[in-house]
Structures are given as C-alpha cells and as structure tokens.
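Survey of secondary and tertiary structure
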Amino acid sequence: MTRRAHLDVRDRTAVITGAASGMGAEAARRLAARGARVALIDRNAEGLESVARDLRGRGHTTHTVDLTSDDAVTEMAAEITASHPRVQSLVTCAGSSMLGDIGQLTMDEMRWLMDVNLWGTVNVTKALLPALRREPAAHITHLVSIYGLAAPAGRIPYAMSKFAVRGFTEALRHELERTSVTVGAVYPAGVKTGIILHGRYAAAVDPDIAARAAAAQAAMYHTEPGDAAERIVQATIRRRARTMIGREARLVDVLSRVTPTHYWSAMRRPLKEAVDTTTPAA
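Residues numbered from 1 in each chain as written. Predicted model: local features only at pLDDT ≥ 70, side-chain atom pairs only at ≥ 80, totals over all residues. Heavy atoms only, no water.

What to know about the overall build of the protein chain
In terms of regular secondary structure, the protein chain is built from ten helices and nine strands. The buried share of the protein chain, reckoned over its 282 residues, is 52%. Partitioning the intrachain contacts of the protein chain with sequence separation of at least 6 by distance along the chain shows that 72% fall at a separation of at least 24. (Helix = DSSP H or I, 4+ residues; strand = E, 2+ residues; numbered from the N terminus. Buried < 20%, exposed > 50% of the residue type's maximum accessible area, 1.4 Å probe, protein only. Contact = heavy atoms within 4.5 Å.)

Following this line, the structure appears as structure tokens:
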C-alpha cells in the first residue's frame, strides 16, 4: 500500500457537519488552532455562532442547513466553495439517535433517522466531492459508531443507519483509491456528547422509561468530546482509513470479528438496562 502524505491544514478549509456542539464543535476548535479555515455546518444557528466566536484565526464561515434537503445542501456547497476556494477536508459529525424496539417504532420514525444519519452524510459528501478533488491531497472523515460494527437490541434504526454509513464510506474509499481524495471511518464508543440524551425515541415508548434508558446508557460513557475530537483531527490529518475511539470500540471491533454471530451475548449484560424500553423501573 502506498503511503499517503499527511495533510497540511494551514490556510486550507475543513468542512465540519454537526459543528454546533459535541465532537463537531471540538474538532472545529482544534483544526482552527492548527491554522485551518473552518466551514461550520449544523441546523442550530445559535450554536454555530457560539462556536465560531471561539475559533482562532480568520475566514471561518457558518452554514445553517438541513442536510436531508437536497436543494439546501446544493446551495450550501456552492456558498462554501465560493467562500473557500481550497476545500481540503470534510468531517461528518452530524447525526441523531432513536430508542425503541421494532414493535414500537413506526416506519416514518425509522426513515427519519436514516435520512439524518445516512442520507445527510451521503448528501454533503456528494455535494462537496468536486471541490475536494481539486486539491492535490484531501480527506473525508465519516463518523460511524461502534454500532456500525455490532448491532444492539433496541437500536435498530441507529444500527441500520451506521452500518449503511460504514458501507458508503468503504465503497467510496475504493472508488476514490486512484484519486487525490482519501476516505476514512471513525468508530467512537462512549463519548459524552449527549446524543443519546437529546436523541429521539419511538412515540410508543413511555417518556419516563425512555429517559431512564437513555440516562442508563449515557452513564456508561466516559470519553470526553475533546479527547475524541483530537483523535478525529489526527485521523483526518494522517488520512487514516479506520480509527477506533475508546476502549469499548476496540473491544467491540475484536468481538464482532471473532464471533460475528454471537457477540450480543457478551454485549447484552452491560447494555440491558439501557435497551430495555418496555419494562418500567420498580
């Protein structure tokens, strides 16, 4: 395998989705501190402006957009390329969560999460790929999840979306292998971003039970968003194809490969309280 040169991000543009909070916001701060110009994307305009005020350097822009809208993404890509002639990297952190089992979830609820997590990622990647290909060296970093490696009960739409993002990422990497653009996947586990607490749950689930389930899973998370963001930035600069974040990610990666049909037996106990959205607490 030919070694790819690392990115020099100074005075180049990094585009980051989900940049109003969590890992996206922290990655933006770290890339700006390294001299990159950052284009921040999120649906939360107030959050974007708050992050933008914290960034070092000049030339940063904010873009409030729904990534599931084709027209809005096309317009946004034109705005970014007009303001940033040298788009060198794309980091996709935007996403949401959904709790509920198959009997509780509606088709519309599952389609919504696929639209956000999968099609939002595909949409922004496709729209910005021409700009990335104009650079002599560029990299795309997609955030997947350990649930793109192993699928837990109670998280069907989330696992579906993340397995699909993983497949998209790997296929795109192969399509672009003879170009200047490299593609990588990051698999975080247990990052304290609040995604599970602020995500959605099936309308058929009792809100109190959903809140307890989300809180139980969030309590198992111990990686700080800043630490995860530093790994994401390093993966982008070094153009890595695959990056695990957190001890649990490495364990799940090994477990899913060693026993691909029985890994749930090992995962079930620590996740039981978090995924049980049908039994009220005593």
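Remarks on a negative patch on the surface
Together, Asp70, Asp71, Glu75 and Glu79 make up a region of like negative charge exposed at the surface. Along the polypeptide, aspartate 71 turns up in helix α3 (residues 70-83). (Patch = residues over 30% accessible without salt bridge, like charges linked within 9 Å, V, L, I, M, F, W, Y side chains within 5 Å. Areas by Shrake-Rupley, 256 points an atom, 1.4 Å probe, with all protein chains shown as cover. Salt bridge = Lys/Arg side-chain N within 4 Å of Asp/Glu carboxyl O. Lys, Arg positive; Asp, Glu negative; His and termini not counted. Charge placed at Lys NZ, Arg CZ, Asp CG, Glu CD.)

Details of the packing of α3 against helix α4 (residues 107-133)
Running from amino to carboxyl end, α3 crosses α4 at an angle of 30°, the nearest separation of the two axes being 9 Å. Between α3 and α4, the angle is such that the two are roughly parallel. Judged by the sense of rotation from one axis to the other, the crossing of α3 with α4 is right-handed. Here α3 contributes Asp70, Val73, Met76, Ala77, Ile80 and Thr81 to the contact with α4, which in turn contributes Asn123, Val124, Ala127, Leu128 and Ala131. Looking at the contact of α3 with α4 residue by residue, the classes come out as eight nonpolar, two polar and one charged. (Axes fitted to C-alpha atoms, helices over the stretch in contact; angles between N-to-C directions. Parallel < 35°, antiparallel > 145°, perpendicular 65-115°, else oblique. Left-handed = near helix turned anticlockwise from the far one by under 90°. Nonpolar A, V, L, I, M, F, W, Y, C, P; charged D, E, K, R; others polar.)

Some details on the sheet that holds strand β2 (residues 37-42)
In spatial order, the strands read β3-β2-β1-β4-β6-β7-β9; together these seven strands make up an open sheet with parallel pairing. The sheet is open, and its two borders are formed by β3 (61-64) and β9 (242-245), each paired with just one other strand. Taken over all neighbouring pairs, the strand axes of this sheet differ in orientation by 15° on average, direction set aside. Contacts between α3 and the sheet are confined to β1 (13-17), β2, β3 and β4 (87-92), with β3 contributing the most and set at about 175° to the helix. (Pairing = 2+ DSSP bridges.)

Some points on the nonpolar core
Within soluble globular proteins, side chains that are nonpolar generally end up buried alongside one another. Core analysis: the largest hydrophobic core is formed by 47 residues, its most contacted members being Val15, Ile41, Ile80 and Ile140. With ten residues, the single largest contributor to this core is α4. Sequence-distant contacts of isoleucine 80, defined by excluding residues within four places in its chain, comprise Val15, Ala39, Ile41, His63, Val87 and Leu128. Counting 31 residues, the second largest nonpolar core, distinct from the first, contains Val9, Ala19, Val191 and Ala228. (Core = buried A, V, L, I, M, F, W, Y, C linked by side-chain atoms within 4.5 Å.)

Digging into the environment of valine 183
Examined against the element boundaries, valine 183 turns out to sit in strand β7 (residues 181-188). Remark: the alpha-carbon pair of valine 183 and leucine 172, spanning eleven residues in sequence, is separated by 7.1 Å. Residues within four places of valine 183 in sequence aside, it is in contact with His139, Ile140, Thr169, Leu172, Arg173, Leu176, Arg240 and Ala241.

Overview of the pairing of β2
For β2, a buried count of five out of six residues is recorded, marking the element as mostly surrounded by other parts of the structure. By the bridge criterion, five bridges tie β1 to β2 in an arrangement that is parallel. Its bridge partner being in β2, valine 15 is matched across the sheet by alanine 39. With helix α1 (residues 22-33) bridging β1 and its parallel neighbour β2, the resulting β-α-β unit is right-handed. Inspection of the sheet shows β2 paired to β3 by four bridges, in the parallel sense. Paired with aspartate 42 across the two strands is threonine 64, which belongs to β3. (Right-handed = clockwise from strand over helix to strand, strands pointing away.)

Quick notes on the environment of glycine 24
By the element assignment, glycine 24 lies in helix α1. Taking the C-alpha atoms as reference points, glycine 24 and leucine 143, 119 residues apart in sequence, are found 9.9 Å from one another. Leaving out residues up to four positions away in the same chain, glycine 24 has contacts with Ile16, Thr17, Gly18, Ala19 and Cys93.

What to know about the packing of α4 against helix α5 (residues 156-175)
Where α4 contacts α5, the axes come no closer than 8 Å and their chain directions differ by 20°. For the element pair α4 / α5, the angle class is roughly parallel. Between α4 and α5 lies a crossing whose hand is right-handed. For the pair α4 and α5, the contacting residues are Met110, Leu113, Met114, Asn117, Leu118, Thr121, Val122 and Thr125 in the first and Ile156, Pro157, Tyr158, Met160, Ser161, Lys162, Ala164, Val165, Phe168 and Leu172 in the second. A breakdown of the residues in the contact of α4 with α5 according to their chemical character gives 13 nonpolar, four polar and one charged.

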